[in-house]
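# Per-entry structural report
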Amino acid sequence: MPGSQLEVLKSACPLDCPDSCSLDVTVRDGRVESLDGNHVNPITNGYICGKVRHFPELMYGADRVLYPAVRSGPKGSGQFCRVSWDEALERIASRLAEVRDQFGGEAILPYCYGGSNGWLTQNGLDARFFYRLGASRLARTLCAMPASTAAIGLYGKMPGVAFEDYPSARLIILWGVNPAVTGIHLAPFLRQAQADGAKLVVVDPRRTPFARQADLHLPLRPGSDLPVALAMIRWLFDSGRADFSFLAAQCRNWERLRERSQEWTLERAAQVAGIGAERITALAGLYADTQPAVIRCGWGIERNVNGGSAIAAVLALPAVAGKFGVRGGGYTLSQGAAWDVDALAGAAAPAPATRIINMNLLGETLRPEFQPPVRALFVYNCNPIATVPEQNKVREGLLREDLFTVVHEQVMTDTALYADILLPATTFLEHAEARRSYGAMIAQFTQPVVEPAGEARANHWLFGTLCRRMGLSQPGDPETEEEVVQAIVATSASAAKLSESFAETGRADPPCGTRPVQFVDVFPGTADRRIDLCPEALDRETSKGLYAYLPVTAPAQFPLTLISPSTSKAISSTLYQLVRDTVPVEICPDDARDRGIADGDAVRIFNDSGEVLCTAKLNGDLRPGVAALPKGLWARHTHNGQTANALAPDTLSDLGAGACFNDARVQIERV
Ligand code: SF4
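Residues numbered from 1 in each chain as written. Predicted model: local features only at pLDDT ≥ 70, side-chain atom pairs only at ≥ 80, totals over all residues. Heavy atoms only, no water.

### A look at the overall build of the chain
- The number of helices and strands found in the chain is 21 helices and 27 strands.
- Expected size for 671 residues packed as a compact globule is a radius of gyration near 26 Å; at 24 Å, the chain falls within 12% of this value.
- Expressed along its principal axes, the backbone C-alpha trace of the chain runs to roughly 70 × 65 × 60 Å.
- Counting only residues that meet the buried cut, the chain has 62% of its 671 residues in that class.
- At a minimum sequence separation of 6, the contacts of the chain that also span at least 24 residues come to 76%.
- Carbon and sulfur atoms form 50% of the exposed surface of the chain, whose accessible area is close to 23400 Å².
- If you average the places of the 65 positive and of the 74 negative side-chain charges in the chain, the two averages end up 2 Å apart. (Helix = DSSP H or I, 4+ residues; strand = E, 2+ residues; numbered from the N terminus. Rg over C-alpha atoms; globule rule 2.2 N^0.38 Å. Buried < 20%, exposed > 50% of the residue type's maximum accessible area, 1.4 Å probe, protein only. Contact = heavy atoms within 4.5 Å. Areas by Shrake-Rupley, 256 points an atom, 1.4 Å probe, with all protein chains shown as cover. Lys, Arg positive; Asp, Glu negative; His and termini not counted. Charge placed at Lys NZ, Arg CZ, Asp CG, Glu CD.)

Printed below as a string of structure tokens:
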């Protein structure tokens with residue numbers, strides 16, 4: 001185009017994905033034209049997922065929220081009138097002040113999760129604003145809390161095996177994780193390891209792409225990971241394959257773990273998991289025999305009532321079998337443990353002693369009888385209708401006439417439709433952002449590459465402005481993006497080095513480096529630097545003790561388990577508005593035949609919490625008794641606007657009070 005200006009600018013993806021790709025963003029005449037990977041983050045290696053390649057469609061699509069607006073029709077109707085930022089902020093400030101003065105600060109609930117994992121969009125000035133307002137605090141438990149509670153209990157904070165070191169492993173176990181669609185930059189290292197002769201084992205109820213290529217696949221019933229891991233532990237001890245010298249030197253409470261594994265014979269675990277005992281025996285034997293061996297522990301394991309104990313048992317395996325101390329040996333969970341920074345330091349405000357509300361219980365929390373009632377809800381970085389259990393209760397709560405709802409959003413989500421005041425939010429390409437990865441190791445600090453669309457404003461600006469307008473700013477507060485990032489970086493033992501690195505390159509490596517070897521370069525962050533295989537604190541938190549298995553009984557009328565896995569289309573609910581077609585539920589052919597359901601039939605999935613009307617897709621990669629409908633779907637993706645979340649219970653996991661999506665029990669019938 002004559003005279004058009006083309007630039008390629010650097011950025012980094014802050015979406016809720018382990019990889020944190022470093023990006024080359026092509027900008028033409030002030031608009032983002034395309035995104036691709038570069039090599040700043042070594043694991044990005046010049047490519048990104050197909051999801052984020054569509055990001056310009058989010059930025060400039062018809063669903064983008066461009067201006068502040070106030071509701072002009074019934075709640076949920078999506079009818080809004082444009083107003084100025086000044087008017088919107090004045091209405092918000094005066095209503096929040098009114099709620100605080102009349103009902104107390106706890107009647108205000110901030111609600112955010114994972115739309116961006118950046119230091120500037122979460123736990124920064126937003127936290128300062130709500131802390132100083134005396135609002136209720138939110139327990140962000142939708143994902144990762146059971147896993148991180150278990151990991152911190154056993155290991156304190158210890159970074160895991162880097163993706164780049166997987167080719168050094170001779171055995172790789174992918175447990176509850178599907179790198180074909182999430183954390184995709186692990187995939188080339190898996191292929192390289194396999195090409196070099198490493199064995200691959202996949203533990204997943206579905207025959208995922210990597211399960212198809214694996215040497216061994218264990219298609220467990222969802223939620224039965226705990227018995228299987230404990231049976232492996234018992235077998236390692238009883239067959240003399242446990243590493244007793246490592247246990248004696250580096251671990252506490254291993255005798256208690258051994259004792260608690262005793263009830264799980266391979267046969268009993270196999271019965272609960274619905275697989276042949278020989279598969280668990282094969283895995284245990286392979287694990288004992290192979291060095292180095294690494295477990296990629298995924299978050300799929302935690303999405304049930306036993307999820308925390310299950311993660312703890314899986315993470316205990318490398319300690320029992322003595323897999324540490326060698327490159328390519330140990331485990332990988334979140335690499336957030338590589339960072340010694342306090343991400344809340346940018347808030348520069350102490351947390352008040354206000355009540356803490358579990359975000360998985362939003363539907364219950366919004367009921368009028370919840371005491372004291374929530375009168376104002378402020379949603380940002382989040383689309384709870386699409387992501388939280390008990391979707392119908394959440395919708396019902398958002399319809400309350402006495403609830404004042406503010407939504408700060410990039411696009412018109414299902415939740416944004418229920419806003420009383422809707423505010424346009426910037427995307428990560430329109431604001432400064434800093435974030436550390438949780439799959440890769442590095443952190444990146446990036447600047448906007450284009451001006452915001454319409455009148456979109458960043459969280460950082462919004463909450464800073466509200467602080468000033470409501471008299472909540474204090475002298476000395478870090479205000480600019482740079483000051484907030486500096487306040488966070490200053491909490492690291494390597495602050496000077498990190499600051500210098502950010503200033504010079506926009507990238508920083510964690511103090512342990514990017515490829516630490518567990519028990520060589522990094523050690524447990526527990527007080528005595530030993531692994532605690534049965535910590536008192538976790539024991540107390542669980543209702544029947546750590547590693548106690550709580551069976552989830554399927555009522556006769558709801559015999560199927562509905563899982564809601566990630567897909568290659570969206571990051572949780574982000575970007576799903578770009579999928580225009582309805583999405584089918586996947587059913588095992590045996591279950592479909594029993595119900596007279598053929599491929600493409602219209603079906604009803606239901607339980608006591610809700611019903612989803614969609615079409616059926618027969619999938620032989622699912623084990624019998626399990627159906628799958630993707631997580632994060634929007635109302636437009638089914639025929640009646642309800643999704644898997646309408647069928648997910650709001651029961652909580654044994655550790656970390658996490659969501660139990662995979663405990664959804666349903667029936668499916670042809671309609
Ligand atoms: S979603 Fe993940 S894979 Fe895709 S660009 Fe972002 S970090 Fe990379």
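Once the structure has been displayed, the description carries forward.
### Examining the packing of aromatic side chains
- Using the criterion set out here, one finds 26 aromatic pairs in the structure.
- Relative to Phe519, the ring of Phe246 has its centre 5.2 Å away and its plane inclined at 70 degrees; by these criteria the two rings are edge-to-face. With Phe246 in helix H9 (residues 244–250) and Phe519 in the loop between strand E20 (507–508) and strand E21 (531–532), this residue pair connects regions lying 273 residues apart in the sequence.
- Under the relative-accessibility criterion, Phe519 is labelled buried at 11%.
- Centre to centre, the rings of Phe378 and Tyr380 are 6.3 Å apart; their planes meet at 85 degrees, and the pair counts as edge-to-face. Each member of the pair Phe378 and Tyr380 is classed as buried.
- Members of the aromatic cluster, joined through ring pairs, are Tyr155, Phe246, Phe324, Tyr331, Phe519 and Phe523.
- Note that Arg375 overlies the ring of Phe103, its terminal NZ or CZ placed 4.0 Å from the centroid.
- Directly above the ring of Phe606 sits Arg604, whose terminal nitrogen or CZ lies 3.9 Å from the centroid. (Phe/Tyr/Trp six-rings, centres within 6.5 Å; stacked < 30°, edge-to-face > 60°. Lys NZ or Arg CZ within 6 Å of the ring centre and 35° of its normal.)

### Brief notes about the packing of helix H5 (residues 145–155) against helix H13 (residues 307–321)
- Remark: H5 packs on H13, axes separated minimally by 8 Å, with the N-to-C direction vectors making an angle of 40 degrees. Compared by their axis directions, H5 and H13 come out oblique. Helix-helix and strand crossings are classified by hand; for H5 and H13 the assignment is right-handed. For the pair H5 and H13, contact is made by Pro146, Ala147, Ala150, Ala151, Leu154 and Tyr155 and by Gly307, Gly308, Ile311, Ala312, Leu315, Ala316, Pro318 and Ala319, respectively.
- A class-by-class count of the residues in the contact of H5 with H13 yields 12 nonpolar, 2 polar and no charged. (Axes fitted to C-alpha atoms, helices over the stretch in contact; angles between N-to-C directions. Parallel < 35°, antiparallel > 145°, perpendicular 65-115°, else oblique. Left-handed = near helix turned anticlockwise from the far one by under 90°. Nonpolar A, V, L, I, M, F, W, Y, C, P; charged D, E, K, R; others polar.)

### Thoughts on unusual backbone geometry
- Pro292 follows Gln291 through a cis peptide bond whose omega is -10 degrees.
- With respect to the secondary-structure elements, Pro292 resides in the loop between helix H12 (277–289) and strand E12 (293–297).
- In this structure, the amide linkage connecting Gln371 to the following residue, Pro372, adopts the cis form with an omega of -20 degrees.
- On the secondary structure map, Pro372 appears in the loop between helix H14 (362–365) and strand E15 (376–380).
- One non-glycine residue with positive phi stands out, namely Phe519, at about 70 degrees.

### Points about the site of the ligand
- Residues in contact with the ligand, as listed here, are Cys13, Cys17, Asp19, Ser20, Cys21, Ile48, Cys49, Val52, His185 and Ile571.
- Class assignment for the residues of the shell around the ligand results in 7 nonpolar, 2 polar and 1 charged. (Near = heavy atom within 4 Å.)

### Overview of the environment of Ile488
- By secondary structure assignment, the location of Ile488 is in helix H18 (residues 481–489).
- A C-alpha to C-alpha distance of 28 Å links Ile488 and Gly298, two positions 190 residues apart in sequence.
- In contact with Ile488, other than residues within four places in its own chain, are Trp119, Val341, Asp342, Ala343, Ala345 and Gly346.

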